[in-house]
Every structure is written in structure tokens, then in C-alpha cells.
Amino acid sequence: MSNSSRLHRAGLHLVVCAAMIVASTQVAADAGQSSWTGVWEGELQNFPVRPGAPVIKIRREVGAWPKKEGECTDFRTTYIEGGVEKGRKDYKLCRGAGPGEYIVDEGNGVVLKAIMLDDRLVSTFKYGSIILTAITQVRGKEMSEQIYTAADLPAGEAVVTLQTRGLQRLTFRRVRR
């Protein structure tokens, strides 16, 4: 067998191995994300802490993780204060077109782009003059979501430091699959 034939076969072998690694990585990622499915309960905290702020209990329900482009699942969060429901967000989490791409459909035409980075679902968006970055992840039997806020300022071609205003942290424990 000639050297060019050996190199060609070795190159084909590398391409096949790389394709298998990419496919198995996506399967492993999907398997990890399926661990998000279930009912979660916990508490919401705001930082800086507001003196006298009421305790807010939270409940999150996540449906079967979307696997195909355009497929969606329930992503519902209920806020409870003093045993009384104070608010509910009935969102849909939808699979986007590219690898790790998702869409959070808040309803009424509001859709937020999100991406799975490592084991974190990350979404950055603006509302008025506020920039928000939401980072959600599951580790074992705990789900956490951190939402950072900062006032937006024009930057032009210069670096502009934005003052982070606050952090809202939701910490959940799984109560049912």
C-alpha cells in the first residue's frame, strides 16, 4: 500500500472518529438536559438584600427536553408569597436551529435567544435601558438560576464599564420527575 493510500485511509478514519465524537457529545448533552424534566421547588433571593422583603417560594415545572428543531416544552415558574400565588410565568422552551441553540418563548410575541454553554442555559437580553443575563443549570437534584442586571450605556468604539445592579437567584430542589 502506498504512503498516499495510507494517509488517505488514516484521514478517513480521523473524520469518522471525529463525527462519532461529535454525535456522542450531542447525545450526552441531550441526556444531561433531560435531567431538567420534572417539578422543582425552592426560594427566590435578591441581592443586594432588601430589608423586610417577604420570602418568595417558587415552583418550576419543566416538560420533556426538546430534541428536534422547533420542538417545545413547558417551562413554567410559579411565585408564592405567604402561601398565596403572586405570579406565574408560563413559558415554552424550544429547540433552535443550531447546536445548543434554544428559544425561550414568553408569549405575546416575546422570544429570547438562549444557548447551552457547557451545562448552562444562558440568555442575554435588554428591556428598556437594562441588560439582563440569565444563567440556569442543573446539578444533581438542584436547579439554580441567576439573573444579573446592569444599566446599559452607549459604547461606540470604546470600552464602557457597566455597573451590575443586582442578582436574582432562584434555587430549586427536585420534588418529582
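Structure shown above.
Below, the structure is looked at part by part. All values derive from a computational prediction rather than experimental measurement.

So, the layout of surface pockets
(1) Moving on: Here the largest pocket defines a volume of roughly 720 Å³.
(2) Moving on: As for the largest pocket, its lining consists of 33 residues, and the residues nearest its centre are Lys89, Glu106, Phe125, Leu132 and Ile147.
(3) Moving on: The dominant element in the lining of the largest pocket, judged by the number of residues it contributes, is strand 7 (residues 120-127), at 6 residues.
(4) Moving on: Taken together, the residues of the lining of the largest pocket sort by class into 19 nonpolar, 7 polar and 7 charged.
(5) Moving on: Of the voids in this model, the second largest pocket is the one considered here, and its volume is about 220 Å³.
(6) Moving on: The wall of the second largest pocket is formed by Glu43, Leu44, Gln45, Asn46, Val49, Arg50, Ala53, Pro54, Val55 and Ile56.
(7) Moving on: No other element matches strand 1 (residues 38-47), which puts 4 residues into the lining of the second largest pocket.
(8) Moving on: Across the lining of the second largest pocket, the residue classes break down as 6 nonpolar, 2 polar and 2 charged.

Remarks on the pairing of strand 1
(1) Moving on: Sheet topology places strand 1 next to strand 2 (residues 56-62); 7 bridges connect them, and they run antiparallel. Counterpart to Glu43 in the pairing with strand 2 is Lys57.
(2) Moving on: Direction of pairing for strand 1 relative to strand 10 (residues 164-176): antiparallel, over a ladder of 9 bridges. Note on strand 10: the bridge partner recorded for Leu44 is Leu170.

Observations concerning the nonpolar core
(1) Moving on: Core analysis: the biggest nonpolar cluster contains 25 residues, and Trp36, Ile58, Leu93, Tyr102, Leu121, Met143 and Leu170 have the highest contact counts within it.
(2) Moving on: Looking at this core element by element, the count peaks at 4 residues for strand 8 (residues 130-139).
(3) Moving on: Residue contacts for Leu170: discarding those within four places in its chain leaves Glu43, Leu44, Ile58, Arg60, Thr77, Tyr79, Met143, Ser144, Glu145 and Ile147.

Describing the sheet that holds strand 10
(1) Moving on: Pairing is antiparallel in the closed barrel, where 10 strands are placed in the order 1-2-3-4-5-6-7-8-9-10. With strand direction ignored, the average angle separating the axes of adjacent strands in the sheet is 25°.

Brief notes about unusual backbone geometry
(1) Moving on: The step from Phe47 to Pro48 runs through a cis peptide bond, and the omega angle for that step is 5°.
(2) Moving on: Relative to the elements of secondary structure, Pro48 occurs in the loop between strand 1 and strand 2.
(3) Moving on: The backbone phi angle of Asn108 is positive, close to 55°, even though this residue is not glycine.
(4) Moving on: Structurally, Asn108 is set in the loop between strand 5 (101-107) and strand 6 (110-117).
(5) Moving on: The phi angle at Asp118 is positive, at roughly 60°, despite the residue not being glycine.
(6) Moving on: Taking the relative accessible area as the measure of exposure, Asp118 reaches 68% and is therefore exposed.

A word on a nonpolar patch on the surface
(1) Moving on: Together, Leu153, Val160 and Leu162 give the surface a local cluster of nonpolar side chains, amounting to about 200 Å² of exposed area.
(2) Moving on: Within the secondary structure, Val160 sits in the loop between strand 9 (142-151) and strand 10.

What to know about the state of the cysteines
(1) Moving on: Counting across every chain of the model gives 1 disulfide.
(2) Moving on: Covalent S-S linkage joins Cys72 and Cys94, the inter-sulfur distance amounting to 2.1 Å. Looking along the S-S bond of the Cys72-Cys94 disulfide, the torsion reads about 105°, which is the right-handed sense. Highlighted residues: Cys72 in strand 3 (residues 72-81) and Cys94 in strand 4 (residues 84-95), separated in sequence by 22 residues.
(3) Moving on: Classification of Cys72 as partly exposed rests on a relative accessible area of 40%.

Side note on the pattern of salt bridges
(1) Moving on: Throughout the structure, instances matching the rule amount to 12 salt bridges.
(2) Moving on: Two residues, Lys57 and Glu43, come together in a salt bridge whose shortest N-O distance is 3.2 Å. Highlighted residues: Lys57 in strand 2 and Glu43 in strand 1, separated in sequence by 14 residues.
(3) Moving on: Via salt bridges that share partners, Glu61, Asp74, Arg76, Asp90 and Lys92 belong to a single interconnected network.

Analysis parameters
Residues numbered from 1 in each chain as written. Predicted model: local features only at pLDDT ≥ 70, side-chain atom pairs only at ≥ 80, totals over all residues. Heavy atoms only, no water. 1 Å grid on protein atoms, 1.4 Å probe; cavity = no way out; pocket = protein on both sides within 12 Å on 5 of 7 lines; lining within 4 Å. Points joined across faces, edges and corners; volume = space filled by probe spheres on them. Helix = DSSP H or I, 4+ residues; strand = E, 2+ residues; numbered from the N terminus. Nonpolar A, V, L, I, M, F, W, Y, C, P; charged D, E, K, R; others polar. Pairing = 2+ DSSP bridges. Core = buried A, V, L, I, M, F, W, Y, C linked by side-chain atoms within 4.5 Å. Buried < 20%, exposed > 50% of the residue type's maximum accessible area, 1.4 Å probe, protein only. Contact = heavy atoms within 4.5 Å. Axes fitted to C-alpha atoms, helices over the stretch in contact; angles between N-to-C directions. Patch = residues over 30% accessible without salt bridge, like charges linked within 9 Å, V, L, I, M, F, W, Y side chains within 5 Å. Areas by Shrake-Rupley, 256 points an atom, 1.4 Å probe, with all protein chains shown as cover. Salt bridge = Lys/Arg side-chain N within 4 Å of Asp/Glu carboxyl O. Disulfide = S-S within 2.5 Å.

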